[in-house]
Amino acid sequence: DSQVLEGVAEMDSWIFDKTGTLTQTRADLSFQHLHKLSEEAQSLVVALANESSHPLSKEISKELAAAPVAILEESQEHPGAGMKGISQHHRIAIGNDKLLASEVEEILEEGITGIAIDGKLVAGIGREEVAREGLQEVLTELGKDYELSLLTGDTEKRALKLTDHFPKASKFYWKQLPDQKLEH
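Residues numbered from 1 in each chain as written. Predicted model: local features only at pLDDT ≥ 70, side-chain atom pairs only at ≥ 80, totals over all residues. Heavy atoms only, no water.

Draft legend 1. View of the overall build of the protein. Within the protein one finds eight helices and 10 strands. Each principal axis of the C-alpha distribution contributes one length, and for the protein these read about 55 × 35 × 30 Å. The buried share of the protein, taken over its 184 residues, is 36%. Restricting the contact set of the protein to residue pairs at least 6 apart, pairs at least 24 apart contribute 52%. For the protein, the exposed area adds up to about 11200 Å²; of that, 50% sits on carbon and sulfur atoms. Distance from the positive charge centre (19 side chains) to the negative charge centre (33 side chains) of the protein: 5 Å. (Helix = DSSP H or I, 4+ residues; strand = E, 2+ residues; numbered from the N terminus. Buried < 20%, exposed > 50% of the residue type's maximum accessible area, 1.4 Å probe, protein only. Contact = heavy atoms within 4.5 Å. Areas by Shrake-Rupley, 256 points an atom, 1.4 Å probe, with all protein chains shown as cover. Lys, Arg positive; Asp, Glu negative; His and termini not counted. Charge placed at Lys NZ, Arg CZ, Asp CG, Glu CD.)

Draft legend 2. Focus on the sheet that holds strand β5 (residues 90–95). Read across the sheet, five strands follow the order β3-β4-β5-β6-β7 without closing on themselves; strand pairing throughout is antiparallel. Looking along the sheet, the strands with just one partner apiece sit at the ends: β3 (74–78) and β7 (120–126). Sheet twist, expressed as the mean angle between neighbouring strand axes with direction ignored, is 10°. Bridge count between β3 and strand β4 (residues 82–87): five bridges; the pairing is antiparallel. Counted as the bridge partner of S75 is G85 from β4. (Pairing = 2+ DSSP bridges. Axes fitted to C-alpha atoms, helices over the stretch in contact; angles between N-to-C directions.)

Draft legend 3. Region of interest: the sheet that holds strand β9 (residues 147–151). Pairing is parallel in the open sheet, where three strands are placed in the order β1-β9-β10. Here the strands that pair on one side only, and so sit at the sheet edges, are β1 (13–17) and β10 (171–173). Put simply, the sheet's adjacent strands are angled 15° from each other on average, direction ignored. Bridging between β1 and β9 involves five bridges; their strand directions are parallel.

Draft legend 4. Summary view of the pattern of salt bridges. Tallied over the full model, the rule gives five salt bridges. Here D17 and K181 are joined by a salt bridge, their closest N and O atoms 2.8 Å apart. On the criterion of sequence distance, the pair formed by D17 in strand β1 and K181 in helix α8 (residues 178–182) is long-range, its members being 164 residues apart. E141 is paired through a salt bridge with K144; the nearest N and O atoms lie 3.2 Å apart. Judged by relative accessible area, E141 falls into the partly exposed class, the value being 48%. For K144, a relative accessible area of 56% corresponds to the exposed category. (Salt bridge = Lys/Arg side-chain N within 4 Å of Asp/Glu carboxyl O.)

Draft legend 5. A look at the nonpolar core. In terms of nonpolar packing, the biggest core is built from 21 residues, with L34, V45, I60, L64, I94 and I115 touching the most fellow members. For this core, the secondary-structure elements that each account for two or more residues are α3 (39–49), α4 (55–63), β5, β6 (112–117) and β7. Contact partners of I94, with chain neighbours within four places excluded, come to V45, L48, A49, I60, A81, G82, M83, L99, T113, G114 and I115. Judged by nonpolar contacts, the second largest core, of nine residues, contains F16, L142, L148 and F166. (Core = buried A, V, L, I, M, F, W, Y, C linked by side-chain atoms within 4.5 Å.)

Okay, structure coming up:
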């Protein structure tokens, strides 16, 4: 389409969303906790994870692919926080500390995604994201001709690990909810 090519030719900046675009998740032993859950708990967790397009939900679904999938009566995505659902009279939640604060008493460490069933924290998933191979070279090359920006829902502390890959003049936006990312 010639209009698309003309639009690309007029670009003066690139805006990147971090998770899954610039990073890949390093396999983490914490997924082993999911396999220690009962079959019923696994079926509840995978049912809720299947409802989301978030990269971590996709990883959970893949990890629990062999589990039967419960039928959800209700599910609700909370942008930037996680998901909640109900299945077979069980309350399920997958998310960050803000989402789980109304579900469990335990406090999650920053960067840990918690999984709760019926108000009990049943698993925590810690992810280590690493920059994709060749990222430094690509960003250095793009930075010669374009303004670069990074958007992430993460806190500044977690996202700072990636900023070294960007040219110094780049812009960074932390704690961005999905709708806020669209404003850029």
